[in-house]
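Summary of the model geometry
Below, each chain spelled out in residue letters.
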Amino acid sequence: MSEPRYEQVARELRLRILRREYQVGASLPSESLLCAQFGVSRGPVRQALAMLKNEGLVTVSRGKPAAVRSFDATQTLDTFTPFTQWARLTGRSAGSRTIEVARRRVSEPARVALGLDADDFVVEILRLRLLDGEPTMLERSTYLESIGSLLFDVDTDAISITDFLVARGVRFESMRHVLDAVAANGIDADNLAIERGSPLLRENRTSWNGEGVAFEFADDRYRPDRVAFSIVNARTIDPRDAADDQVRR
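This section reports on the structure supplied with the text. (Residues numbered from 1 in each chain as written. Predicted model: local features only at pLDDT ≥ 70, side-chain atom pairs only at ≥ 80, totals over all residues. Heavy atoms only, no water.)

Some points on the nonpolar core
Counting 20 residues, the largest nonpolar core has Tyr143, Ile147, Leu151 and Leu165 as its most contacted members. Elements with a contribution of two residues or more to this core: helix H5 (110–114), strand S5 (121–131), strand S6 (134–144), helix H7 (161–167) and strand S9 (214–222). Core analysis: the next-biggest nonpolar cluster, separate from the first, contains 19 residues, Leu28, Val40, Met51 and Leu52 among them. (Core = buried A, V, L, I, M, F, W, Y, C linked by side-chain atoms within 4.5 Å. Buried < 20%, exposed > 50% of the residue type's maximum accessible area, 1.4 Å probe, protein only. Helix = DSSP H or I, 4+ residues; strand = E, 2+ residues; numbered from the N terminus.)

Here it is, written out as structure tokens:
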């Protein structure tokens, strides 16, 4: 499947920003110029700019060219992008070092998140995730046994687990993200090359399939000096407000 045009536009603009071709506060080319540069209509250009806005790289104002907001691309929680894809989109290289893949009885809090009994078996994966070769996130993933067993015969250092599971028919229909801060324990410190007790940004994520069954619980711990998250909120406009706005114009 070919990459959508808006993603091509977003990837190129993202790389230009990360290469510092535009300074913070500087305007990008106008929509019409971007259309001409990339040979696309305004639709893909606007979708690309919306992606960059969600990542915290640009600001978008009606009637004005988009402007560079920051050189630091962030993970967004309004849409889910697997770590490997997110790294690629931000012009960086993702890596993995699998520490453990094991079948064992479920432990807390995965048992509660997945709705299992204490005697149920799951598959747990502990992986160190790298950005440009630097330790960035320690990933603890717990899967229902029927899902996790698919991972025993693959090299989890060479794949995006999410992409692999999707290709085998697993549907990530909905997710819940919970963010908090935790102190690094011994395992975190050893793998992330930090001092024990250092602050980490933790994301707990539960994933459900199309039938509403929770099948994945993740405890991902990020070095906050390497990754930040952004949450994008949009105001839903009441149709009556829109009508009033039209009258005022």
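Text resumes after the structure shown.
Examining the packing of aromatic side chains
Summed over the entire model, instances satisfying the criterion amount to one aromatic pair. Look at Phe172 and Phe215: their rings are 5.0 Å apart centre to centre, the planes differ by 75°, and that puts the pair in the edge-to-face class. You can see Phe172 sitting in the loop between H7 and strand S7 (174–183) and its partner Phe215 sitting in strand S9, a full 43 residues away along the chain. When the ring centre of Phe121 is taken as reference, the NZ or CZ atom of Arg103 above it lies at 3.9 Å. (Phe/Tyr/Trp six-rings, centres within 6.5 Å; stacked < 30°, edge-to-face > 60°. Lys NZ or Arg CZ within 6 Å of the ring centre and 35° of its normal.)

Remarks on the packing of helix H1 (residues 5–18) against helix H3 (residues 42–54)
Contact geometry for H1 and H3: axes closest at 8 Å, N-to-C directions at 50°. The orientation of H1 relative to H3 falls into the category oblique. At the point where H1 passes H3, the crossing takes the right-handed sense. Of the residues in H3, those in contact with Arg5, Tyr6, Glu7, Val9, Ala10, Leu13, Arg14 and Ile17 of H1 are Pro44, Gln47, Ala48, Leu49, Met51 and Leu52. Residues belonging to the contact of H1 with H3 are distributed by class as follows: 10 nonpolar, one polar and three charged. (Axes fitted to C-alpha atoms, helices over the stretch in contact; angles between N-to-C directions. Parallel < 35°, antiparallel > 145°, perpendicular 65-115°, else oblique. Left-handed = near helix turned anticlockwise from the far one by under 90°. Contact = heavy atoms within 4.5 Å. Nonpolar A, V, L, I, M, F, W, Y, C, P; charged D, E, K, R; others polar.)

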